[in-house]
Amino acid sequence: MKTSRRRVRSFRDITHHTTDLRRPVVTLFSGGLDSTYLLHRLVQAGATEVHAVSVNLGGDEQTPQIQQIADTLGVRLHSIDARAQFVDDFVRPAIAAHAVYLDTHPISSSLSRPLIALTAVRVAREQGIPLILHTANRSQNTLRRLNGALDLLGYEGEFGSPYDLEPVGREQKIKELQSVGLDQMAERSVSGDSNLWCREFESGVLDDPESHEVPESCYRWTAPRETAPEPELVEVGFRAGEPVSVNGREASLADIIEQLNWTVGAHGLGRYTGLEHLPGGVKVLEVREMPAAKLLLASLRHLETAVLDSETLREKLHVEQIWVREALEGRWFGELRSAGQAFINTLNSSLTGTVTWRLAGGRLSTTSITATNPQYVRNREEWEELSVRQELSHCAEGPGPGNGGAR
C-alpha cells in the first residue's frame, strides 16, 4: 500500500522547525528570483547544509552568475549539465508526439520539470538527503508537475514548495535579497524560464491577459535585426520521424534546434501567446519564443499527412492530446503517457523524407514535401487517367463463373 509523505507547503514549515534544518536540504535552483529567495530564507532560518541543484538545459542563466549567488548565500552548488538528456529523452519524444497545448503553443516546462525532478532525486539519494524543496507557486503549473514527478519517482523523503500556501510578493523578495548584497534581483520585471527548446515569460508585467504588451527585451531568437533578413529556403530532413538534417547536412538534434532557433527566429517567426489552465479551471497567461519548434513540428505534420492513412492520422491526433495532458498534469513518468508514446513511435517509424520551406517577410510556406513511400500523387491528370483505365478494365472483364454471371 502506498504511504503518504508529508509535503512542505509554506515557509512556516521551515521557520517554525516543522522541518529539521539540521539535516541537509536539496533545493532546485535556477538563479531566478524565487529560487534565490528560498535559499536566502533557508540560510536565515538556520539551515546548515543546503545543496542548490542547478540543472543546465541550455537556458539563459549562466553558471558564473548562479555560482556568485550561491557563494553570496553560502550554499553548496551542484551545477549539472543535462542538455543532452533533455534533448534525447524529453524533447525528442515531444516532437514525435507533436506536443502542442490545445492547438495554441508547443509545451516546454512540462518537458523540463520531470528531468529537473529526476536530477534532484538522484542528487538527494546519492547524498542521503531527506528533503527536496522547489519554488513553484499556485499560479504556476510547475507546482503539480514537480510534485507529480517526485511522487511518481518514488522519492523516499519529504518534498514540496514553501510558496504553495505562503506566497511572497515580488517587491518583498527583491528588498530582502538586496539587503544581503544581491542587487541584481531588482532587474527581474517578469518571471522567465528558458532552455534550448523554449524561452518562456510570465507574471510581473505579463500578469493581465487583457493587457500584456511583451517588452521586446524579453526576446532573443526573434529579436528584430538591424536589417531584414533575405528570403531563404530551409530544408529539414527526417528519418523514422526524427529530425536528422538541415539543408542536407546531418547534425544532432540539439544542433538542429539551436540552428533553427536562430535561422527561423531571424524572420520573426516562433512567438506564441497562450492561456494555460490551473487546477480548478483558472487560466494564466504565458508567452513563448520557440522558432525551431514551429518549423520542426509543422514539418513533421506534413510528412505524416504524406505517409499515414487519414484514419490513422486522426487517431494519432487524439493520442497526441492524451500525451500532452499527461505531461501537463505532472504524469510524465506515468504509464498512460508511456503507452501513448509507444503508439506514436510505431507510426513515426515510417516517416522519412524532407520538407523545404521558404522564409520571407515574416511568413513561412512550403516549396517541397518529399516522402519515402508516400500516399500523395505527383500528377493528378496522369493519376486520373490511370484510375479510370483500371476501373474500366476491371468492369470489362465482367463477372466470371461462380460470381453471379449468366450461364
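The structure presented is a predicted model; accordingly, all values stated were derived computationally and were not measured. (Residues numbered from 1 in each chain as written. Predicted model: local features only at pLDDT ≥ 70, side-chain atom pairs only at ≥ 80, totals over all residues. Heavy atoms only, no water.)

Overview of a negative patch on the surface
Spelled out, the test is: Residues enter patches when they are more than 30% accessible in relative terms and free of salt bridges; like-charged ones are connected within 9 Å and nonpolar ones (Val, Leu, Ile, Met, Phe, Trp, Tyr) within 5 Å. To measure how exposed things are, a 1.4 Å probe is used in the Shrake-Rupley method; for residues, cover is taken only from the protein chains shown. Just to be clear on terms, a salt bridge is a Lys or Arg side-chain nitrogen sitting within 4 Å of an Asp or Glu carboxyl oxygen. In this tally, Lys and Arg are treated as positive and Asp and Glu as negative; His is ignored, and so are the chain termini. For this purpose, a charge sits on NZ of Lys, CZ of Arg, CG of Asp or CD of Glu. Strands here mean DSSP runs of E at least two residues long; helices mean DSSP runs of H or I at least four residues long; both are numbered from the N terminus.
Among the surface-exposed residues, Glu381, Glu382, Glu384 and Glu385 lie close enough to one another that they form a single negatively charged patch. Relative to the assigned elements, Glu385 resides in helix 12 (residues 380-397).

Some words on the sheet that holds strand 15 (residues 283-289)
Put simply, the rule reads: Any two strands with at least two DSSP-identified bridges between them are counted as paired. Each axis is a line fitted through C-alpha atoms, taken for helices only over the stretch in contact, and angles between the N-to-C directions span 0 to 180 degrees.
Spatially, the four strands line up as an open sheet ordered 9-10-15-14, and their pairing is antiparallel. Single-partner strands in this sheet number two, and they are strand 9 (191-194) and strand 14 (271-277). Each strand axis lies, on average, 25° off the axis of its neighbour in the sheet, ignoring direction. When strand 10 (residues 199-202) meets strand 15, the two strands line up antiparallel, connected through three bridges. Bridge pairing links Phe201 to Val287 in strand 15.

Describing empty space enclosed by the protein
Which entries qualify depends on this criterion: Here a cavity means grid points, on a 1 Å grid over the protein atoms only, where a 1.4 Å probe fits yet cannot get out; a pocket means an open set of points with protein on both sides within 12 Å along at least five of seven lines; lining residues are those with an atom within 4 Å of a point. Grid points are joined across faces, edges and corners, and a volume is the space filled by probe spheres set on the points.
The full count for this structure, using the stated rule, is one cavity of 30 Å³ or more. Roughly 40 Å³ of volume is contained in the largest cavity. If you go around the largest cavity, the residues you meet are Ser110, Arg113, Pro114, Arg145, Ala149, Ala327, Gly330, Arg331 and Trp332. The dominant element in the lining of the largest cavity, judged by the number of residues it contributes, is helix 5 (residues 109-127), at three residues.

Digging into the nonpolar core
Selection rule: We define the nonpolar core as a collection of buried residues of types Ala, Val, Leu, Ile, Met, Phe, Trp, Tyr and Cys that are connected through side-chain atoms lying within 4.5 Å of one another. Each residue's exposure class comes from its accessible area (1.4 Å probe, protein chains only) as a fraction of the maximum for that residue type: buried when under 20%, exposed when over 50%, partly exposed otherwise.
Trp197, Leu260 and Trp323 are the most contacted members of the largest nonpolar core, which totals 72 residues. Per-element accounting of this core gives the leading share, nine residues, to helix 9 (residues 291-307). Counting 28 residues, the second-largest nonpolar core is a separate cluster that includes Leu21, Leu33, Ala70 and Leu73.

Notes on the packing of aromatic side chains
Quick note on the threshold: Classification of ring pairs uses Phe, Tyr and Trp, with its six-membered ring standing for Trp, and accepts pairs whose centres are within 6.5 Å; under 30 degrees between planes counts as stacked, over 60 as edge-to-face, and the remaining range as tilted.
Enumeration according to the criterion identifies five aromatic pairs in this entry. Seen from their ring centres, Phe11 and Tyr37 are 5.9 Å apart, and the 75° between their planes marks the pair as edge-to-face. One end of the pair, Phe11, is in the loop between strand 1 (7-8) and helix 1 (12-15); the other, Tyr37, is in helix 2 (residues 33-44), and 26 residues separate them in sequence. Measuring from ring centre to ring centre gives 5.4 Å for Trp323 and Trp332, while their planes differ by 85°; the resulting arrangement is edge-to-face. By relative accessible area, which is 1% here, Trp323 ends up buried. The exposure class assigned to Trp332 is buried, which follows from its relative accessible area of 5%.

Side note on the packing of helix 8 (residues 253-265) against helix 9
Filter applied, for reference: Angles are sorted into four bins: roughly parallel if under 35 degrees, roughly antiparallel if over 145, roughly perpendicular if 65 to 115, and oblique for all others. Note on definitions: a residue-residue contact is assigned when non-hydrogen atoms from the two residues lie within 4.5 Å. Residues are sorted three ways: Asp, Glu, Lys and Arg are charged, Ala, Val, Leu, Ile, Met, Phe, Trp, Tyr, Cys and Pro are nonpolar, and all the rest, Gly among them, are polar.
It is the contact of helix 8 with helix 9, at a shortest axis distance of 7 Å, that shows an interaxial angle of 105°. In this view, helix 8 runs roughly perpendicular relative to helix 9, as classed from their interaxial angle. Within the contact between the two elements, helix 8 uses Ile256, Ile257, Leu260, Asn261, Val264 and Gly265 and helix 9 uses Pro291, Ala292, Leu295 and Leu296. Here the contact of helix 8 with helix 9 is composed, by residue class, of eight nonpolar, two polar and no charged.

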